[in-house]
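Inside the fold
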Amino acid sequence: MSDNQLTGTCKKRIKEAVCIDTKRIFDSCVSKDCLEDLRVTFFSKSQRLIDEAVTIKTRECTVEEVSIDVEEVPFNRGFYSVDITFYFKLCFDTYAAPCTTPQIAIGFAQFSKKCILYGSCGDVKVFVSNPVSEMTDCPTAPQYTNPVAKVQAVDPVILSTDVLDSCDCSICINSSFPQSILKSMEDSVPSAGASKAVLVTLGLFSIVQMERDTQLLIPAYDYCVPDKECCCNTTNPCDTFQDIEFPLDEFFPVEKSHSCQSCGEDSEQEDSAE
C-alpha cells in the first residue's frame, strides 16, 4: 500500500512499529448444534413441582458453566483436541391447576462435544517478576505458553419441550455437575423416584478458538487518549435523567418494509458513489 492510499484510509500516519505480547488465534471453528432430547435434571423441590404440574412451559435457558479440556493429539504435531461440556440452566413455569399462578422449577442439562484445532508448537516456561516474588529470591510459579482453548457461546434457543413418564424415558439422569452449580442449589442431590421426565431440544451457536501467547509486531498510530470528559454529576438524579434521550425505538419499533427500503436506498447510493 502506498503512502497516498494509507493517508486516504487512515486518519493518522503510522508513527512506529511496536512489539506487543498478546494472545494470537491460531485456529478457530464455528458450530451450529441442534441438541435433541436432552434430559433435564431436577433437584428435590423442583422435581416435586414437575411431578405435580398439569402444564409445564419452558421460560428460559442459559449457559451456566462450560468445562474445557485441551490435550495434544498424538502423532499429529501442533494439533490439539478440545473436549467441551456445556451446562445449561433451565427455568420452567409449572401449573398445578388450570388458571393458577405458575411456580418456577429450575433444572440443569448438559451437552459434550469434541473438536480438533491447530495450536502450533512450543512449550516454554515464562517467569514474571512481581512485588510478591521480590520478597523472596525466586519469582512466582511459571506460566506456560501451551495453547489454550476459548469458547464463546450465546444462550441457546429453546426449540421444543417434551414431558414424559419416567418409565417411558430411556435417557438416564446425569448427576455429574460442577461444584458451582451444586452449591447454588439448596439440595445438591438430584431427585430420585421422579414420576415425570422433561426432555428439551436446544439450538446452540458457539465459536471455539485456539490461542497461544506470542509476540507480534504491529503498527502504532498514537496513544489512546480519551477525547471526552467523564460525566460525574450525580448530585441531582433528575438532571441526570433529563440528559437521557427518549427511547423512541422502544415505543415505535422500526417496520420491516421501512428498514428494507432504507437498506436498499443505502446500497443504491453506495453503488452510484462507486
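Keep in mind the model is a prediction, meaning the values are calculated, not measured.

Concerning the sheet that holds strand S4 (residues 79–95)
Pairing between sheet strands relies on hydrogen bonds along the backbone, with the strands arranged either parallel or antiparallel. Pairing in this open sheet of four strands is antiparallel, and the strands run S2-S5-S4-S3 from one edge to the other. Looking along the sheet, the strands with just one partner apiece sit at the ends: strand S2 (41–42) and strand S3 (55–72). Examined bridge by bridge, S2 and strand S5 (residues 103–118) share two bridges and lie antiparallel to one another. Each residue of the ladder has a partner; that of Thr-41, found in S5, is Phe-108.

Description of the side chain of Arg-39
Looking at where Arg-39 falls in the secondary structure, it is placed in strand S1 (residues 16–39). Asp-51 is the oppositely charged side chain nearest to the buried, salt-bridge-free Arg-39, at an N-O distance of 8.2 Å. If near-sequence neighbours (up to four positions away) are discounted, Arg-39 is found in contact with Phe-108, Ala-109, Ser-166, Cys-169, Ile-171, Cys-172, Ile-173, Ala-197, Val-198 and Leu-199.

Concerning helix H2 (residues 44–52)
Those residues of H2 lying buried are Ser-46, Gln-47, Leu-49 and Ile-50. Burial along H2 is one-sided: seen end-on, the buried residues are contained in an arc of 155 degrees. The exposed set on the far side of H2, more than 90 degrees from its buried face, consists of Lys-45 and Glu-52. Buried residues along H2 sit against S2, S3, S4, S5 and strand S10 (196–220).

Here's the deal with the pairing of S4
Summarising burial for S4: 14 of the 17 residues are buried, a large majority. Of the pairings in the sheet, the one linking S3 to S4 comprises 16 bridges and is antiparallel in character. The partner of Ile-56 across the bridge, within S4, is Thr-94. What sits between the antiparallel neighbours S3 and S4 is a turn of six residues, in which Phe-75 has the positive phi angle 60 degrees. With 16 bridges connecting them, S4 and S5 associate as antiparallel partners.

Considerations on the packing of aromatic side chains
Counted under the stated rule, the structure contains seven aromatic pairs. Summarising the aromatic geometry, the rings of Phe-43 and Phe-108 are spaced 6.1 Å apart at their centres and angled 70 degrees between planes, so their arrangement reads as edge-to-face. Highlighted residues: Phe-43 in the loop between S2 and H2 and Phe-108 in strand S5, separated in sequence by 65 residues. Of the two residues, Phe-43 and Phe-108, both sit in the buried class. Members of the aromatic cluster, each reached through a chain of ring pairs, are Phe-43, Tyr-87, Phe-108 and Phe-177. Arg-24 extends its terminal NZ or CZ atom over the ring of Phe-26, reaching a point 4.7 Å from the ring centre.

Let's talk about the environment of Arg-48
Secondary-structure assignment places Arg-48 in helix H2. Taking relative accessible area as the criterion, Arg-48 reaches 45% and is therefore assigned partly exposed. A C-alpha to C-alpha distance of 9.1 Å links Arg-48 and Ser-195, two positions 147 residues apart in sequence.

Considering the confidence of the model for the chain
The predicted model of the chain has a mean per-residue pLDDT of 80, with 77% of residues at 70 or higher. Confidence over residues 1–9 falls short of pLDDT 50; this stretch has five contacts with residues more than four positions distant or in other chains.

Here's the deal with the environment of Ile-116
Its place among the elements puts Ile-116 in strand S5. In contact with Ile-116, not counting residues within four places along its chain, are Val-73, Phe-79, Tyr-80 and Ser-81.

Here's the deal with a nonpolar patch on the surface
Nonpolar side chains collect at one region of the surface, where Val-154, Val-157, Leu-159 and Phe-205 lie side by side and expose about 350 Å² of accessible area between them. Tracing the backbone through its elements, the reader meets Val-154 in the loop between strand S8 (148–153) and strand S9 (157–165).

Remarks on the nonpolar core
Counting residues in each nonpolar core, the largest one holds 28 residues, and the members touching the most others are Leu-38, Phe-88, Leu-90, Phe-92, Val-200 and Leu-202. Of all elements in the fold, only S1, H2, S3, S4, S5 and S10 reach the threshold of two or more residues within this core. With seven residues, the single largest contributor to this core is S4. Setting aside its immediate chain neighbours within four residues, Leu-38 contacts Phe-88, Ala-109, Gln-110, Phe-111, Val-198, Leu-199, Val-200 and Leu-202. Of all hydrophobic cores here, the second largest spans seven residues; its members include Phe-43, Phe-108, Ile-181 and Met-185.

Cut-offs applied
Residues numbered from 1 in each chain as written. Predicted model: local features only at pLDDT ≥ 70, side-chain atom pairs only at ≥ 80, totals over all residues. Heavy atoms only, no water. Pairing = 2+ DSSP bridges. Helix = DSSP H or I, 4+ residues; strand = E, 2+ residues; numbered from the N terminus. Buried < 20%, exposed > 50% of the residue type's maximum accessible area, 1.4 Å probe, protein only. Lys, Arg positive; Asp, Glu negative; His and termini not counted. Salt bridge = Lys/Arg side-chain N within 4 Å of Asp/Glu carboxyl O. Contact = heavy atoms within 4.5 Å. Arc of directions from axis to C-beta. Phe/Tyr/Trp six-rings, centres within 6.5 Å; stacked < 30°, edge-to-face > 60°. Lys NZ or Arg CZ within 6 Å of the ring centre and 35° of its normal. pLDDT = per-residue confidence, 0-100. Patch = residues over 30% accessible without salt bridge, like charges linked within 9 Å, V, L, I, M, F, W, Y side chains within 5 Å. Areas by Shrake-Rupley, 256 points an atom, 1.4 Å probe, with all protein chains shown as cover. Core = buried A, V, L, I, M, F, W, Y, C linked by side-chain atoms within 4.5 Å.

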